[in-house]
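Residue-level structure breakdown
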Amino acid sequence: MDEQADKIKDAIKNSKSFALLLQNNPKEHEILAREALFISLKEKNLDVSIFPDNQKEFYENWGHIISARYHQTNRKTKITSILIPKNLYEAKEIHYDEDNDFLSLNISSDQIINKENVIFKEKLPSFDAVFLFGSNNIDEIKKYEDSFELPLKEKIFYLTNNKNITLSKKVSETIESINDSLSNKTVSNLMLASLLTEIGATESRKKEESLSFMHLFGRALARTRINNDLQSSWTFISREDLKKTDNIEAGSQVFYKILKKYKETTSSPSLSVLIWQGKEKIWSIITEEKPQKHLFSLAQKFGANMENGFFITGPFNNFSEAEIKIQQNIKDVVKIT
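Reference entry: report on the structure contained in this document. These numbers were taken from a predicted model, which means no experiment stands behind them. (Residues numbered from 1 in each chain as written. Predicted model: local features only at pLDDT ≥ 70, side-chain atom pairs only at ≥ 80, totals over all residues. Heavy atoms only, no water.)

Brief notes about the pairing of strand 12 (residues 282-288)
Selection rule: Any residue under 20% of the maximum accessible area for its type is buried, any over 50% is exposed, and the rest in between are partly exposed; the area is computed with a 1.4 Å probe on protein chains only. Numbering of helices and strands runs from the N terminus, with a helix taken as a DSSP run of H or I at least four residues long and a strand as a DSSP run of E at least two residues long. Being paired, for any two strands, means DSSP has found at least two bridges between them.
The buried count for strand 12 comes to six of seven residues, which makes it a mostly enclosed element. Where strand 11 (residues 271-277) lies against strand 12, seven bridges are found, and the strand directions are antiparallel. From the neighbouring strand, Leu274 faces strand 12, where its bridge partner is Ile285. Where strand 11 hands over to strand 12, the hairpin turn is made up of four residues, counted between the paired strands. In the sheet, strand 12 pairs with strand 13 (residues 310-316) via five bridges, with the strands oriented antiparallel. What sits directly across from Ser284, in strand 13, is Thr313.

As structure tokens, this is what we get:
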């Protein structure tokens, strides 16, 4: 880790309150990375606020990854201080009462306190550390000076990419210092989606990969599980997933691409099954890494034609039927009991 990474690690270790900021017009991978860091800090019961709030569109695109309990932030509210001059009044005792209508602050003193001598002062909340995603411009932080007290510059950290490291990688390293928070499935999925979206944004500029595919891949990640007994990974994609990611007309090559990218970015079993909901029926694509010990036998079992590295099987009436039939055929071919 470099010098800045060490400073960030120390700041997290020694701080109890944090503000996580986005630059103007943030990129999607920056929002995903911020959400991952937010959840990691919240999991440690630390005080975390985000500025600005996430837009509704973010949860529409990525809400399947984020647990509903993370959707609301408990942003620090402004503080009102009541100043009473000590040279005029000596407070003997202070306590408060409350009922359905009012909160009463009760001050015992030798004299009745005159309201003309009382000063009401608004105090902005403060944070031990502030993180800005996607920019190293101090003006991006100064625009929030009406929302919280700006910290000393050594308490401000800029999370940006450079030629040596992506922003997502930098945030991942930060999160790894927080109690191994990447073991949290929500956090790890968000960081993987952030990394792939960041890479995908670059690739899409080269017309190699579209953002809609990355959205679908993010959903596929959240709907993938490992079946250790069958030594295989299982991914389920609903019709709604295809609609919300503009992939309603997706064909076998898109689903094969999802399985390939999944294998490139994770440590997963050789055999992969993806089941998706078509317009009327359920279909499945099955692939296997080389040397493909079982793929050809499985294709024969289903009476399916092999394509370039995969085969399609179906239709099925529902996801359960597809899963049961495929599992049984895998057992028969792999001879798992």
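Here we look at the sheet that holds strand 12
The line we're drawing: Axis geometry follows a simple rule: fit a line to the C-alpha atoms, using only the stretch in contact for helices, then measure angles between N-to-C directions, giving values from 0 to 180 degrees. Whether two residues touch is decided by their heavy atoms; if any such pair falls within 4.5 Å, the residues are in contact.
With mixed pairing, five strands are arranged side by side in an open sheet as 9-10-11-12-13. Two strands lie at the open edges of the sheet, namely strand 9 (224-227) and strand 13, each paired on one side alone. Across this sheet, the average inter-strand angle for adjacent strands is 20 degrees, counted without regard to direction. Most of the contacts of helix 11 (residues 319-334) go to strand 11, to which it runs at about 160 degrees, and overall it touches strand 9, strand 10 (232-237), strand 11, strand 12 and strand 13.

Focus on the pairing of strand 5 (residues 103-109)
Judged from the seven bridges that link them, strand 4 (residues 91-98) and strand 5 form a sheet pairing that is antiparallel. Residue His95 lies in a different strand from strand 5, and its bridge partner there is Asn106. With antiparallel pairing between neighbouring strands as the criterion, strand 4 and strand 5 make up a hairpin whose turn holds four residues.

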